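# Reading the structure
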Amino acid sequence: MSLDWLGPSVTLVLGVAAFFVGGASERRRDQRLSAREQAAREQAARERRDEERHRFQLENYLSLQDALREYMRTLAKIIWADRAIVKEHGHFTMLPEGLSQDAFDTGIVFGRLMNRVVDDELRDQLEQFNSLAGQTTIPPLDKSISKERGIALMDDRNDVLANMYQKSADMVGDRLRRELKR
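An account of the accompanying structure is given in this report. Not measured: the values here are computed from a predicted model.

## Here we look at the side chain of Arg-123
Turning to its location among the elements, Arg-123 is positioned in helix H3 (residues 120-136). A distance of 3.5 Å separates a polar atom in the side chain of Arg-123 from the backbone oxygen of Val-118. The residues touching Arg-123, leaving out its near neighbours within four places in the chain, are Met-114, Val-117 and Val-118.

## A look at the pattern of salt bridges
Summed over the entire model, instances satisfying the criterion amount to 11 salt bridges. Two residues, Asp-66 and Arg-69, come together in a salt bridge whose shortest N-O distance is 3.2 Å. Residue Asp-66 and its partner Arg-69 are located together in helix H1 (residues 6-89), separated by three residues, close to a single helical turn. Given the relative accessible area of 45%, Asp-66 is considered partly exposed. Each of Asp-119, Glu-121, Asp-174, Arg-175 and Arg-178 takes part in a single network of salt bridges with overlapping partners.

## Some points on the nonpolar core
Grouped together as the largest cluster of nonpolar side chains are 30 residues, with contacts concentrated most on Leu-64, Phe-110, Leu-122, Leu-126, Phe-129 and Leu-161. Secondary-structure elements contributing two or more residues to this core are H1, helix H2 (99-115), H3 and helix H4 (147-181). When sequence neighbours within four positions are dropped, the list of residues in contact with Phe-110 reads Leu-64, Ala-67, Leu-68, Tyr-71, Leu-126, Phe-129 and Asn-130.

## Regarding the packing of aromatic side chains
Counting across every chain of the model gives four aromatic pairs. Judged by centre distance (5.9 Å) and plane angle (80°), the ring pair of Tyr-71 and Phe-129 falls under edge-to-face. Placement of the pair is Tyr-71 in helix H1 and Phe-129 in helix H3, with a sequence separation of 58 residues. For Tyr-71, a relative accessible area of 7% puts it in the buried group. Between the aromatic rings of Phe-129 and Tyr-165, the centroid separation amounts to 6.4 Å while the plane-to-plane angle is 55°, which identifies the pairing as tilted. With Phe-129 in helix H3 and Tyr-165 in helix H4, this residue pair connects regions lying 36 residues apart in the sequence. A residue is classified by how much of its surface remains accessible, and Phe-129, at 0% relative accessible area, is buried. Through successive ring pairs, a cluster of aromatic residues spans Tyr-71, Phe-110, Phe-129 and Tyr-165.

Reading guide: rules and limits
Residues numbered from 1 in each chain as written. Predicted model: local features only at pLDDT ≥ 70, side-chain atom pairs only at ≥ 80, totals over all residues. Heavy atoms only, no water. Helix = DSSP H or I, 4+ residues; strand = E, 2+ residues; numbered from the N terminus. Polar contact = N/O pair within 3.5 Å; in protein donor to acceptor, adjacent residues only side chain to side chain. Contact = heavy atoms within 4.5 Å. Salt bridge = Lys/Arg side-chain N within 4 Å of Asp/Glu carboxyl O. Buried < 20%, exposed > 50% of the residue type's maximum accessible area, 1.4 Å probe, protein only. Core = buried A, V, L, I, M, F, W, Y, C linked by side-chain atoms within 4.5 Å. Phe/Tyr/Trp six-rings, centres within 6.5 Å; stacked < 30°, edge-to-face > 60°.

So, in C-alpha coordinates, the structure goes:
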(Lines give C-alpha, C1' and ligand atoms only; values in the text may rest on other atoms or scores of the structure.)
Protein backbone atom coordinates (compact mmCIF):
# COMPACT_ATOMS: atom_id res chain seq x y z
CA MET A 1 0.00 0.00 0.00
CA SER A 2 1.38 3.28 -1.03
CA LEU A 3 1.31 6.36 1.18
CA ASP A 4 1.81 8.80 -1.64
CA TRP A 5 -1.64 10.26 -1.09
CA LEU A 6 -0.88 11.02 2.57
CA GLY A 7 1.38 14.03 1.95
CA PRO A 8 -1.07 15.93 -0.27
CA SER A 9 -3.98 14.98 1.99
CA VAL A 10 -2.26 16.26 5.09
CA THR A 11 -1.35 19.42 3.26
CA LEU A 12 -4.94 19.83 2.11
CA VAL A 13 -6.35 19.23 5.60
CA LEU A 14 -3.84 21.57 7.21
CA GLY A 15 -4.52 24.20 4.55
CA VAL A 16 -8.29 24.01 5.16
CA ALA A 17 -7.73 24.12 8.92
CA ALA A 18 -5.39 27.13 8.55
CA PHE A 19 -8.00 28.85 6.39
CA PHE A 20 -10.68 28.48 9.08
CA VAL A 21 -8.35 29.31 11.96
CA GLY A 22 -6.95 32.31 10.07
CA GLY A 23 -10.46 33.49 9.21
CA ALA A 24 -11.56 33.21 12.83
CA SER A 25 -8.45 35.05 13.94
CA GLU A 26 -9.06 37.77 11.37
CA ARG A 27 -12.70 38.13 12.54
CA ARG A 28 -11.53 38.53 16.15
CA ARG A 29 -8.99 41.14 15.06
CA ASP A 30 -11.69 43.00 13.12
CA GLN A 31 -14.02 42.84 16.12
CA ARG A 32 -11.30 44.23 18.41
CA LEU A 33 -10.56 47.00 15.93
CA SER A 34 -14.26 47.78 15.61
CA ALA A 35 -14.65 47.84 19.41
CA ARG A 36 -11.67 50.23 19.74
CA GLU A 37 -13.10 52.50 17.05
CA GLN A 38 -16.52 52.48 18.75
CA ALA A 39 -14.93 53.28 22.12
CA ALA A 40 -12.98 56.14 20.52
CA ARG A 41 -16.18 57.54 18.93
CA GLU A 42 -18.02 57.30 22.27
CA GLN A 43 -15.13 59.01 24.07
CA ALA A 44 -15.07 61.81 21.48
CA ALA A 45 -18.86 62.25 21.87
CA ARG A 46 -18.49 62.41 25.69
CA GLU A 47 -15.74 65.00 25.36
CA ARG A 48 -17.90 67.09 22.98
CA ARG A 49 -20.85 66.92 25.42
CA ASP A 50 -18.60 67.90 28.32
CA GLU A 51 -17.22 70.82 26.32
CA GLU A 52 -20.75 71.92 25.38
CA ARG A 53 -21.85 71.72 29.04
CA HIS A 54 -18.77 73.69 30.08
CA ARG A 55 -19.42 76.36 27.45
CA PHE A 56 -23.12 76.53 28.41
CA GLN A 57 -22.35 76.96 32.12
CA LEU A 58 -19.68 79.54 31.36
CA GLU A 59 -22.08 81.60 29.25
CA ASN A 60 -24.81 81.15 31.86
CA TYR A 61 -22.55 82.35 34.69
CA LEU A 62 -21.53 85.41 32.68
CA SER A 63 -25.17 86.27 31.94
CA LEU A 64 -26.15 85.45 35.52
CA GLN A 65 -23.59 87.90 36.89
CA ASP A 66 -25.10 90.69 34.80
CA ALA A 67 -28.69 89.68 35.58
CA LEU A 68 -27.99 89.46 39.32
CA ARG A 69 -26.41 92.92 39.29
CA GLU A 70 -29.32 94.39 37.30
CA TYR A 71 -31.89 92.68 39.54
CA MET A 72 -30.22 94.06 42.66
CA ARG A 73 -30.04 97.53 41.12
CA THR A 74 -33.79 97.42 40.38
CA LEU A 75 -34.60 96.11 43.87
CA ALA A 76 -32.49 98.86 45.44
CA LYS A 77 -34.42 101.44 43.39
CA ILE A 78 -37.68 99.99 44.75
CA ILE A 79 -36.44 100.07 48.34
CA TRP A 80 -35.20 103.64 47.99
CA ALA A 81 -38.42 104.70 46.24
CA ASP A 82 -40.47 103.15 49.06
CA ARG A 83 -38.22 104.84 51.61
CA ALA A 84 -38.62 108.24 49.92
CA ILE A 85 -42.41 107.79 49.66
CA VAL A 86 -42.71 106.90 53.35
CA LYS A 87 -40.46 109.79 54.30
CA GLU A 88 -42.51 112.25 52.25
CA HIS A 89 -46.05 110.92 52.77
CA GLY A 90 -45.72 108.99 56.02
CA HIS A 91 -47.06 105.75 54.49
CA PHE A 92 -46.50 103.37 51.60
CA THR A 93 -48.10 104.14 48.24
CA MET A 94 -47.77 102.87 44.68
CA LEU A 95 -44.30 102.78 43.21
CA PRO A 96 -43.34 105.23 40.47
CA GLU A 97 -44.44 104.16 37.00
CA GLY A 98 -42.30 101.50 35.37
CA LEU A 99 -40.43 100.40 38.49
CA SER A 100 -42.69 97.40 39.15
CA GLN A 101 -42.39 96.32 35.52
CA ASP A 102 -38.60 96.68 35.66
CA ALA A 103 -38.51 94.47 38.75
CA PHE A 104 -40.74 91.90 37.06
CA ASP A 105 -38.65 91.86 33.87
CA THR A 106 -35.29 91.61 35.64
CA GLY A 107 -36.71 88.96 37.99
CA ILE A 108 -37.82 86.83 35.04
CA VAL A 109 -34.40 87.01 33.39
CA PHE A 110 -32.68 86.25 36.69
CA GLY A 111 -35.00 83.32 37.42
CA ARG A 112 -34.45 81.77 34.00
CA LEU A 113 -30.67 81.93 34.38
CA MET A 114 -30.85 80.72 37.99
CA ASN A 115 -32.77 77.61 36.92
CA ARG A 116 -30.01 76.71 34.46
CA VAL A 117 -27.34 76.51 37.16
CA VAL A 118 -26.10 72.95 37.66
CA ASP A 119 -24.34 73.57 40.99
CA ASP A 120 -26.90 72.77 43.73
CA GLU A 121 -25.27 74.93 46.40
CA LEU A 122 -25.19 77.99 44.13
CA ARG A 123 -28.74 77.42 42.90
CA ASP A 124 -29.97 77.17 46.52
CA GLN A 125 -28.22 80.47 47.35
CA LEU A 126 -29.72 82.17 44.32
CA GLU A 127 -33.19 80.83 45.19
CA GLN A 128 -32.82 82.28 48.69
CA PHE A 129 -31.82 85.63 47.19
CA ASN A 130 -34.77 85.52 44.78
CA SER A 131 -37.17 84.64 47.61
CA LEU A 132 -35.85 87.49 49.75
CA ALA A 133 -36.10 89.83 46.75
CA GLY A 134 -39.77 88.98 46.38
CA GLN A 135 -40.43 89.63 50.06
CA THR A 136 -38.49 92.89 49.91
CA THR A 137 -40.74 94.41 47.27
CA ILE A 138 -43.96 93.80 49.21
CA PRO A 139 -45.03 96.69 51.46
CA PRO A 140 -45.78 95.81 55.08
CA LEU A 141 -49.29 94.53 55.78
CA ASP A 142 -49.61 96.78 58.81
CA LYS A 143 -51.05 99.99 57.33
CA SER A 144 -50.69 101.84 60.65
CA ILE A 145 -46.88 101.59 60.61
CA SER A 146 -45.25 104.86 61.67
CA LYS A 147 -43.10 106.93 59.35
CA GLU A 148 -39.97 106.22 61.40
CA ARG A 149 -40.69 102.49 61.54
CA GLY A 150 -41.36 102.43 57.77
CA ILE A 151 -38.02 104.11 57.06
CA ALA A 152 -36.23 101.75 59.47
CA LEU A 153 -37.92 98.77 57.80
CA MET A 154 -36.72 99.89 54.36
CA ASP A 155 -33.19 100.41 55.73
CA ASP A 156 -33.24 96.92 57.28
CA ARG A 157 -34.54 95.37 54.05
CA ASN A 158 -31.82 97.14 52.10
CA ASP A 159 -29.09 95.87 54.45
CA VAL A 160 -30.34 92.27 54.43
CA LEU A 161 -30.79 92.24 50.67
CA ALA A 162 -27.37 93.83 50.08
CA ASN A 163 -25.71 91.15 52.25
CA MET A 164 -27.56 88.36 50.45
CA TYR A 165 -26.66 89.92 47.10
CA GLN A 166 -22.98 90.09 48.04
CA LYS A 167 -22.91 86.44 49.09
CA SER A 168 -24.71 85.42 45.89
CA ALA A 169 -22.45 87.54 43.68
CA ASP A 170 -19.35 86.09 45.37
CA MET A 171 -20.59 82.54 44.76
CA VAL A 172 -21.39 83.24 41.10
CA GLY A 173 -17.94 84.79 40.67
CA ASP A 174 -16.33 81.75 42.29
CA ARG A 175 -18.17 79.31 40.01
CA LEU A 176 -17.32 81.44 37.00
CA ARG A 177 -13.62 81.36 37.87
CA ARG A 178 -13.81 77.58 38.29
CA GLU A 179 -15.32 77.22 34.81
CA LEU A 180 -12.66 79.51 33.36
CA LYS A 181 -9.91 77.35 34.87
CA ARG A 182 -11.29 74.16 33.30
